[in-house]
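What the coordinates show
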Amino acid sequence: MSAYEIRYADRAAQRKAALTSPQRSALEGLEKRLSRNPFDPPARSNRDNSWSADFTGGFITYVVSNRHVVINVVDLVAL
C-alpha cells in the first residue's frame, strides 16, 4: 500500500507554521502514523466523512481521498 500524501489547507498550514517546537515534533510523529493508515488509532471518525486525530498540544481534522491517496488537513488547533 502506498503512503498517503498529507496536504494542509491554507488556515491549517498557517497554524502549523505557528506551532512550538514540541508541538511540531508531536505533529510530525502523527503525520508519519497517519500516512501509513489514516483510519487507525489515534484517528477518530467524525461520522461525516471527516476524521480527527490528537497530537501532544493539539489536534487536526482531515478528509481522506483514497482515489488520490491524499490526506487533506482542513483544520489544525493548537491547545
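Read on for an overview of the structure. (Residues numbered from 1 in each chain as written. Predicted model: local features only at pLDDT ≥ 70, side-chain atom pairs only at ≥ 80, totals over all residues. Heavy atoms only, no water.)

A word on the sheet that holds strand β3 (residues 50–55)
Here we have 5 strands laid out as an open sheet, ordered β1-β5-β4-β3-β2, and mixed in their pairing. Unpaired on one side and paired on the other, β1 (5–8) and β2 (44–45) mark the two borders of the sheet. As judged from the 6 bridges shared by β3 and strand β4 (residues 58–65), these two strands associate in the antiparallel manner. Each bridged residue has a counterpart across the sheet, and for Asp54 the counterpart in β4 is Phe59. Where helix α1 (residues 10–17) meets the sheet, it contacts β1 and β5 (70–78), and its direction lies at approximately 55° from that of β5. Of the strands in this sheet, β1, β3, β4 and β5 are in contact with helix α2 (residues 21–36), which crosses β3 at around 135°. (Pairing = 2+ DSSP bridges. Helix = DSSP H or I, 4+ residues; strand = E, 2+ residues; numbered from the N terminus. Contact = heavy atoms within 4.5 Å. Axes fitted to C-alpha atoms, helices over the stretch in contact; angles between N-to-C directions.)

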